[in-house]
Amino acid sequence: MTAEKMPQLLAVGESHMGCVRTHNEDNFFCISLYPGYCFAGVADGVGGHSAGEQASYLCCHRLMLDWKELFKRNSSPDETQIAGFLMNSVKTANSDITGINRLQKKKTNPMCTTLAAAVFTPSMVIVVHVGDSRLYCCRKDTCRLLTIDHTVQNELTEQGVTDASQLPGSHVISKAIGTDRYLKPEMHTYFRMPEDRFLFCTDGLSNSMTDEEIKNILASSSSPRQANDRFIREALCRRANDNVTVLSVFPVNSDLQS
């Protein structure tokens, strides 16, 4: 698929406090300043830890600053350079946050955040993630999860534990930005198709809806803004017990509105 045949992408984000939380610890970003590239992501400050909203903001802010610096040096980075940028930027965000935790002596419940972010090039989507924030891809009649939750349950399942979901604390995330100086983010690269639609979300949405329900809304919405409105409304109708952040990314058609 050539760059000329691949449609541009329109990214729209929305966030809501939810039905239980007293404040919103989620953040999101989307940048389409550079032709042929779109950079977007969501971050979720970890509940039960101090200053989660600060951690998610610092993470998003660092990624945006580093993205702009990348294009100051190279106006058309290739996939290898973008993958390197993503890995280095997330590690820098982790250093920023762990550094603040050390200065403030936050040894117990340090501020930290999850992240799901991706760069969309004319032919690829390069994904980096930490924790349980997610990125979905809807293609025709299928909806694929492009991230794998970093939870105790998934780690135990990979080790061969068959009833991991029944164990106490299995839902707890096993990796977050800000808790470990030697963080290893997870990265994957996928080919894009012209009709692909994408959804970034925090667990306030994914804990409220099934993957099939997410697919149906992504596939049937006329625009990313409509998809976001439907996701938020549905999560609130189900009494979302966490902040809900969604960022929908659709290919631009002549009749598509934001």
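Note that this is a predicted model, so its numbers are computed, not measured.

Student: Account for helix 5 (residues 211-220), with residues named and values stated.
Tutor: For helix 5, the complete set of buried residues consists of Ile214, Lys215, Ile217 and Leu218. In this structure, the buried side of helix 5 is in contact with strand 6 (134-139), strand 7 (142-145), strand 9 (197-201), helix 4 (203-206), helix 6 (224-237) and strand 10 (244-251).

Student: Account for the layout of surface pockets, with residues named and values stated.
Tutor: One number sums up the size of the second largest pocket: a volume of about 270 Å³. As for the second largest pocket, its lining consists of 15 residues, of which Gln8, Leu9, Pro35, Gly36 and Tyr37 are closest to the centre.

Student: Could you give an account of the nonpolar core, with specific residues and numbers?
Tutor: Membership of the largest hydrophobic core comes to 29 residues, with the highest contact counts inside it found for Phe39, Leu63 and Trp67. Breaking this core down by element, the ones donating at least two residues are strand 2 (26-31), strand 3 (38-45), helix 1 (52-73), helix 2 (79-103), strand 4 (113-120) and strand 5 (124-130). Every residue in contact with leucine 63, bar those within four places of it in the chain, is listed here: Phe29, Phe39, Phe85, Ser89, Val90, Ala93, Leu115 and Ala117. Core analysis: the second largest hydrophobic core is formed by 18 residues, Ala40, Val127, Leu146 and Tyr190 among them.

Student: Would you mind going over the sheet that holds strand 9 in detail, with residue names and values included?
Tutor: One open sheet accounts for five strands, arranged 1-10-9-6-7; its pairing is antiparallel. In this open sheet, the two strands that pair with only one neighbour each are strand 1 (9-16) and strand 7. Pairs of neighbouring strands in the sheet enclose a mean axial angle of 20°, with direction left out of account. In this sheet, strand 9 lies alongside strand 6 in antiparallel orientation, the contact comprising five bridges.

Student: Tell me what's going on with the environment of proline 194, and back it up with residues and numbers.
Tutor: Relative to the helices and strands, proline 194 is located in the loop between strand 8 (186-191) and strand 9. For proline 194, a relative accessible area of 23% translates into the label partly exposed. As for proline 194 and serine 123, which are separated by 71 residues in sequence, their C-alpha atoms are 8.9 Å apart.

Student: Please give an account of the sheet that holds strand 8 that cites residues and values.
Tutor: Across the sheet, which stays open at both edges, the five strands sit in the order 2-3-4-5-8 with antiparallel pairing between neighbours. Bordering the open sheet on either side are strand 2 and strand 8, each of which pairs with just one other strand. Put simply, the sheet's adjacent strands are angled 10° from each other on average, direction ignored. In the sheet, strand 4 pairs with strand 5 via six bridges, with the strands oriented antiparallel. By the bridge assignment, alanine 117 is partnered in strand 5 with valine 128. Together, strand 2, strand 3 and strand 4 form the strand contacts of helix 1, whose direction differs from that of strand 2 by roughly 15°.

Student: Provide a residue-level description of helix 6, including the pertinent values.
Tutor: Residues separated by three or four positions in an α-helix point in the same direction, a consequence of the helix having 3.6 residues per turn. The end-to-end C-alpha separation of helix 6 is 20 Å, in line with the 20 Å expected for 14 residues at 1.5 Å each. By the burial criterion, the buried members of helix 6 are Pro224, Ala227, Asn228, Phe231, Ile232 and Ala235. The buried side chains of helix 6 occupy one side of the element, clustering within an arc of 125° when seen end-on. On its buried side, helix 6 packs onto strand 1, strand 9, helix 4, helix 5 and strand 10. Once helix 6 finishes, arginine 239 follows within two positions and takes phi at roughly 60°, a positive value.

Each value, and the rule that gives it
Residues numbered from 1 in each chain as written. Predicted model: local features only at pLDDT ≥ 70, side-chain atom pairs only at ≥ 80, totals over all residues. Heavy atoms only, no water. Buried < 20%, exposed > 50% of the residue type's maximum accessible area, 1.4 Å probe, protein only. Helix = DSSP H or I, 4+ residues; strand = E, 2+ residues; numbered from the N terminus. Contact = heavy atoms within 4.5 Å. 1 Å grid on protein atoms, 1.4 Å probe; cavity = no way out; pocket = protein on both sides within 12 Å on 5 of 7 lines; lining within 4 Å. Points joined across faces, edges and corners; volume = space filled by probe spheres on them. Core = buried A, V, L, I, M, F, W, Y, C linked by side-chain atoms within 4.5 Å. Pairing = 2+ DSSP bridges. Axes fitted to C-alpha atoms, helices over the stretch in contact; angles between N-to-C directions. Expected span 1.5 Å × (residues − 1). Arc of directions from axis to C-beta.

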